[in-house]
Number of protein chains: 2
Amino acid sequence: MTAVVRPGRATSLQGLFAPRSIALVGATDKSGWSLSTYQNLLGHGFTGPVHLVNPRTPEVHGRKAHKSLTAIGEPVDLAYVMVPTPAVLDVLSEGAELGIRNYVVLTAGFGETGTEGRRREEELHAFVREKGLNVLGPNGNGYVNAAAGITPYGLAITQPPPAGPVGVVLQSGALASAVLNFMHARNVGLSMLTSMGNEMSLSVTDVIDHLVDDPATEVIALFLETVRHPEEFARVARRAAEAGKPIVALKIGASRLASRTAQAHTGALVGDDRVVDAAFRRLGVLRVHSLEELILTAGLLARTGPLPGGRIGVVTPSGGACEIIADRAEQEGLEIPPFAPGTTARLKEAVPDFATVQNPLDVTGYVLVDRTLLARALETVAADPGIDVVLALVDLPRVPPADPEAARAYFGAFAECIRKTDKPVVVSGNVLTDITETGRRLQEETGFPYIAGGIDHAMNALGAAVRWSRSLPDVLREELSAPAPADVTPGRPGETWAEHRAARLLAEHGVPVVPSVRTADEHEAVAAAERLGYPVVLKAAADGLQHKSDIGGVRLGLAGPDAVRSAFRDVRAALQSSGYGADPAVLVQPQRTGGTELLVGVVRDPTWGLTLAVGLGGVWVEVLADSALRLLPVTHADVRSALGELRGARLLDGARGTEPADLDAVAEVVVRIGELAGSLGPRLESLEVNPLWVRGARVEALDALVTWA
Amino acid sequence: MTAVVRPGRATSLQGLFAPRSIALVGATDKSGWSLSTYQNLLGHGFTGPVHLVNPRTPEVHGRKAHKSLTAIGEPVDLAYVMVPTPAVLDVLSEGAELGIRNYVVLTAGFGETGTEGRRREEELHAFVREKGLNVLGPNGNGYVNAAAGITPYGLAITQPPPAGPVGVVLQSGALASAVLNFMHARNVGLSMLTSMGNEMSLSVTDVIDHLVDDPATEVIALFLETVRHPEEFARVARRAAEAGKPIVALKIGASRLASRTAQAHTGALVGDDRVVDAAFRRLGVLRVHSLEELILTAGLLARTGPLPGGRIGVVTPSGGACEIIADRAEQEGLEIPPFAPGTTARLKEAVPDFATVQNPLDVTGYVLVDRTLLARALETVAADPGIDVVLALVDLPRVPPADPEAARAYFGAFAECIRKTDKPVVVSGNVLTDITETGRRLQEETGFPYIAGGIDHAMNALGAAVRWSRSLPDVLREELSAPAPADVTPGRPGETWAEHRAARLLAEHGVPVVPSVRTADEHEAVAAAERLGYPVVLKAAADGLQHKSDIGGVRLGLAGPDAVRSAFRDVRAALQSSGYGADPAVLVQPQRTGGTELLVGVVRDPTWGLTLAVGLGGVWVEVLADSALRLLPVTHADVRSALGELRGARLLDGARGTEPADLDAVAEVVVRIGELAGSLGPRLESLEVNPLWVRGARVEALDALVTWA
């Protein structure tokens, strides 16, 4: 029996996250955590019984304490455990005996503290698995179920965010307070926040799974230090996309990966933070880069859902704001198209004579005189057939207005106008300040919509929302089946196959490879050259030889038999003097000229598995690291989009007078390389084709290396 | 006599910005602007007399109104003018007659509204110049002198920021309220905010000049739509740097420039937003990209002043925060070095056993138990000799704490500990929320320092502050004198000099140029080739011919006399068939091989003048637009730093096996090209050396074009 029943256990965390009765085990007046948890439960809406358990004190927090879980004598749905570390297992044993299935373990001193702690955690985990318990933690503060008003949570919640559509899962306890405060400050509605702790049993993916099924949750926001279960993560991300619930994630540790990679020298791509980008892209997870972006992007998506497009109509009372918005739109890849002629004509009637009618629209400071101006302009812009989304710049008052009735009427009418439009309307303030009590009350009283941040964060969130909306069809496409295992006898673990063996493997699996003749003496070499046609290339070939050029084992541009003979002698000598005398073959190949050289590599990322990199070869990849990554398996379209991301992409279009590359032909070969890598499965460590030569529709691997796991 | 006496009129705006008496001309109960201005003056500390002037109403805002400025019968230092547009000139005439020198003109309907408005503004400006008046506006809301409590400002100030060190100048009226609100929300101290309006007479640079001399102002924050007087701007920026007052600027319009450039096709660099970057870099102006960054960067610099370096010691109670900080530090170019062994040893004694002692430091959630932990850790880190700046993560309480006395003691002790350190300490919160009344009061009562934002903005501001500090010596270096005008007869306006004339100009001014022989027939060409040595290059030369390659006018790699003869015939034929038969010369040059090719261009930016671009030639500049810009004149060090910015910089270090370029030799030639361009002065439109060939210490212009203005 396992604690976490993977597929289909959609409601199995119901008891954990929606208990009807809670016991605080280890409750004590001496602990701030205990007091906070108790006060949170009492102060934020929990209506069921809260039992305090302490074997040594008859009274805790001014109320009777029970000696043990057993002594409660009533059913308990959830035990919140904050006893000393050595006592945790005993509490769970007693609870399991009583039929209590759900636990939050606040107690620390487990896996996070070293060898002895790890041993304790393993022992606890074994018990939890055996009994099929749901355990959040240990070393976690619990959760805040704002939708249901259930808050078994160990830190004071001084300003609870409103109940609402955003579910938050955090792999950091200390940042939870900051997130709760920020959601309150920006009036972003919370369904549930979970502080994961050590993820001994329940992990981030289990909670995401729960939130996908949770009717109160429309968007899921993650703070991730690490993705522990990448396959599970992929599964729940797909479920979220299918449910139309965006996942937004702040995934940190780029600098840590960078330093680890720098130390480990295991290849520039392994552990590259860009693999995380590639994985999230594949899974439709929006990656953000600050806590503010995390919450504001989630808040915006909760308001809009998927957006129909990226053509934004902008309505503001400020020219300066218009220019900031235009600059930011460009950075976010959003379009601010000219208005349709009809829209322009109607706007000209609506705005003052001295206003310039254009998108973005500045209706001018005349809004202070004509209080319906902005709303009327918004209505007109929303009716423009060339506009997908309207962005309106409105600041809520921060202090009680002189005439509260007038303010209510103004914002009420504005809210009504927004409700009436059939386009998504995003409202942004100018700068990122709190929504104050005054603003909050106005929003409640008038239904004035969510304010997506200051201009900077609102544009960021809008850009992210459009990207997510556009990516949905691709994320939801049918999953590619993994290729069948190839019928290949792999090399020894850690062995590298140089060109002469790697090329054969490629050719056998449908990847076009430059013709190559393995020769053992000058006569064979010249005969091969005559057959292939001059000019030819000679290359050293020997098992274990990876970097032919470094030993002088490559000779280019050989135009006749004399050149071939002389080059053969040189290459052979280079092999012998470098210790490859045992198997000193020389490859003869026709020299390919013109066209463009690509690099196509597949490496194994420790978290995400086989990852494809495409780049422009030679100087581009060596000096610029100009490459694009995709998780395997890849489609033709994946490869096309990856090629399009390259800084030097224009080179493939013939920017330098070379023959334009047939990108479909390239993509076909790259897909085949990806399939071969996939079919080699766990046996493969890395596979690199460098260069993959392209000229028009001709695509050939000119060299390759395969390393076995 | 001019209204704005340029150099040395340091205190001439004293009467405008620190008047002892103010008249509101055109005051009326019917205008919200009038009421706001009046209430602002009364409510925010102005102690002098405020006279209301309205010719048609005996009473305004519940007080006696005067019929005219004359009727006041008392001295007036500043007239705030909000009469109808046609009456503005009359008011200024009357005021000038009375000896009133200072005006804020709120009234709109001038240059911003079209031809008639522009005429009115010119008429007004002529009068203002004639009488030597200081006029802010028209079409501007005035200013908020928070330091002196003088607020002749036309919009309601509902939450005034505290008086403090940041001076703000805005080329946008509507954004001023957002800036004031944000400064209040983040508790950033304001010296003076000025809303510029149309800048008819007084411009942004005049106000900056004033703020440089203003003892209340330590940092200057700008919102710029356009730089009207670039030379003035350069002068005041230099004065600010000399006074140790950083200028931070949000300069918008990148998207506008981009679209204008796209339409105008006047060259990829003219009007490029990157020229603004180059100019600001030269002037030591920190460019930011959002209103939040503007104020938070200014706020941080006001607290720290110039920083001694970029080695940051980080102290937090949160592992998650540590990783966000590490990621952001990397992006900002900040270093988080390991602690010195002594620091590590002392920290190990201070923090709980289960904490990991490293930089960034997570002292753990144990801060909730041991309330001195964070401050003690900070003290230890500040004493580390390898640390320049300490960053501490602290959130102020947002609601009144349960035990206010304990909170005061805690923050007081922490503030004292920070005061005692001799290193700069920057305090950051987790997320960007308002400093609430509770936090504000704690700061006031305990002297707890300025909080630089949430992590994201604090890291951004810290990175900017370190960059500014590092740039100071360079900004303050002796100004390069403009080169003496060259003794050159320029071409006709718009004329382009192709290689054969441009190269001569370069050579005459000390720029090394590849040897070149102008030949008129095959025999001359072969003779030249023999003299220069094979292989040679043949190039078409004719006045007006700019793109030789396009007509087939370039032949490379000619290895002997036959090849030269045949190439000569081809090039000559190409000239003739392209309509250049009148002057059909052919240049013979030795072919340069190996090494690297650069592009060095000088173009005239409409605002900032001659701008130097360096880039790697060929594909790099064509496909990647890989170039770095500097305003002329440039030093050797400027060119070295520009070369270092190129994405392909490693190519110059011999990354591809080519001979490393002698960067000093390259810089010397580029400086000389810059000097030549400078000495051609306003006659020059553009000058381009492409390629500039570099191999080791050999540097030669292989081709060039000069276009005259």
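These numbers were taken from a predicted model, which means no experiment stands behind them. (Residues numbered from 1 in each chain as written. Chains lettered and ligands numbered in written order. Predicted model: local features only at pLDDT ≥ 70, side-chain atom pairs only at ≥ 80, totals over all residues. Heavy atoms only, no water.)

Enquirer: How should I be thinking about the packing of aromatic side chains in this particular structure?
Expert: Residue and element names in this part refer to chain A. Counting across every chain of the model gives 20 aromatic pairs over all chains. Between F280 and W608, the aromatic rings sit 6.4 Å apart at their centres with planes inclined by 85°, giving edge-to-face as the arrangement. Of the two residues, F280 sits in helix α10 (residues 273–283) while W608 sits in the loop between β23 (596–605) and β24 (609–616), which places them 328 residues apart along the sequence. A single burial state applies to F280 and to W608, both of which are buried. When the ring of Y410 is compared with that of F414, the centres are 6.1 Å apart and the planes differ by 75°; the resulting orientation is edge-to-face. Note that Y410 and F414 are positioned in helix α15 (residues 404–420) at a spacing of four residues, about one turn of the helix. For the pair Y410 and F414, one class covers both residues: buried. Among the aromatic side chains, those forming a connected cluster through ring pairs are Y410, F411, F414 and F448. (Phe/Tyr/Trp six-rings, centres within 6.5 Å; stacked < 30°, edge-to-face > 60°. Helix = DSSP H or I, 4+ residues; strand = E, 2+ residues; numbered from the N terminus. Buried < 20%, exposed > 50% of the residue type's maximum accessible area, 1.4 Å probe, protein only.)

Enquirer: Quick question: what am I supposed to make of the relation of the copies chain A and chain B here?
Expert: Two copies of one chain are present, and they are related through a rotation about an axis combined with an axial shift. When chain A is fitted to chain B, the residual RMSD is 0.1 Å, and the transformation amounts to a turn of 180° plus an axial shift of 0.1 Å. What we have between these two chains is a two-fold relation. When the interface residues of chain A are mapped onto chain B, 98% of them again lie at the interface, so the same face is used by both copies. (Least-squares fit on C-alpha atoms with pLDDT ≥ 70 in both. Contact = heavy atoms within 4.5 Å.)

Enquirer: Any chance you could explain the interface of chain A and chain B here in plain terms?
Expert: Often, the extent of an interface is quoted as the loss of accessible area on bringing the components together. Contact residues are listed per partner, giving 63 residues for chain A and 62 residues for chain B. Summing both partners gives a buried area of about 5,100 Å² for chain A against chain B, and 61% of it is carried by carbon and sulfur. When the buried surface of chain A facing chain B is broken down by residue, E323(A), R398(A) and V623(A) rank first, second and third, together holding 11% of it. Across the contact surface, chain A and chain B share two salt bridges. In this structure, the salt-bridge partner of R398(B) is D434(A), at a minimum N-O distance of 3.0 Å. Remark: the boundary between chain A and chain B carries nine residue pairs in polar contact (both at pLDDT 80 or more). At the level of secondary structure, the elements contributing two or more residues to the side of chain A that touches chain B comprise α6 (174–185), α9 (254–264), α11 (291–304), α12 (319–332), α17 (455–476), α21 (619–624) and α23 (649–652) of chain A. Here the side of chain A that touches chain B takes nine residues from α12(A), the largest share from any one element. Grouping the constituent residues of the side of chain A that touches chain B by class yields 29 nonpolar, 20 polar and 14 charged. (Buried area = accessible area lost by both parts, 1.4 Å probe. Salt bridge = Lys/Arg side-chain N within 4 Å of Asp/Glu carboxyl O. Polar contact = N/O pair within 3.5 Å; in protein donor to acceptor, adjacent residues only side chain to side chain. Nonpolar A, V, L, I, M, F, W, Y, C, P; charged D, E, K, R; others polar.)

Enquirer: Hey, could you run me through the UniProt feature "domain: ATP-grasp" (unreviewed entry) in chain A in this one?
Expert: Within this structure's numbering, the places UniProt gives as "domain: ATP-grasp" (unreviewed entry) are residues 503–541 of chain A. Overall, residues 503–541 of chain A shows 44% helix and 23% strand. The separation of its end C-alpha atoms is 12 Å. (UniProt positions renumbered as here; feature names shortened; annotations may be inferred.)

Enquirer: Honestly, the pairing of strand β2 (residues 50–53) of chain A in this entry has me stumped. Any pointers?
Expert: When a strand is regular, its side chains alternate between the sheet's two faces. All names here are of chain A. Here β2 shows no split at all, with V50 and L52 on one side and H51 and V53 on the other all buried. In this view, the connection linking strand β1 (residues 22–25) to its parallel neighbour β2 by way of helix α2 (residues 32–43) has right-handed handedness. When β2 meets strand β4 (residues 63–66), the two strands line up parallel, connected through two bridges. For V53, the partnering residue across the bridge sits in β4 and is H66. (Right-handed = clockwise from strand over helix to strand, strands pointing away. Pairing = 2+ DSSP bridges.)

Enquirer: Help me understand helix α16 (residues 437–446) of chain A, please; the structure alone is not making it clear to me.
Expert: Every α-helix winds through 3.6 residues per turn, so residues three or four apart in the chain are directed the same way. Residue and element names in this part refer to chain A. Listing the buried residues of α16 in full gives T438, G439, R440, L442, Q443 and T446. On its buried side, α16 packs onto α6 and α15. One or two steps after α16, the chain reaches G447, where phi turns positive at roughly 70°.

Enquirer: Sorry, what's going on with the pairing of strand β6 (residues 102–105) of chain A here?
Expert: Residue and element names in this part refer to chain A. Alternating residues of β6 divide into N102 and V104 and Y103 and V105, and every residue in both groups is buried. Examined bridge by bridge, strand β5 (residues 78–81) and β6 share four bridges and lie parallel to one another. Counterpart to Y80 in the pairing with β6 is V104. For the handedness criterion, the β-α-β arrangement of β5, helix α4 (residues 88–98) and β6 is classed as right-handed. Two strands pair when backbone bridges link them, and β6 and strand β7 (residues 134–136) are joined in this way by three bridges, in the parallel orientation. Opposite V104, over in β7, you have L136 as the bridge partner.

Enquirer: Is there a simple way to explain the sheet that holds strand β2 (residues 50–53) of chain B in this structure?
Expert: Across a sheet, strands are paired by hydrogen bonds formed along the backbone, either parallel or antiparallel in direction. Residue and element names in this part refer to chain B. Spatial ordering of the open sheet is given by β2-β1-β5-β6-β7, a layout of five strands whose pairing is parallel. The open sheet has two edge strands with one neighbour each: β2 and β7 (134–136). Ignoring which end each strand starts from, the neighbouring axes of this sheet average 20° apart. Packing of helix α4 (residues 88–98) onto the sheet brings it into contact with β1 (22–25), β5 (78–81), β6 (102–105) and β7, and relative to β6 it is tilted by some 165°. (Axes fitted to C-alpha atoms, helices over the stretch in contact; angles between N-to-C directions.)

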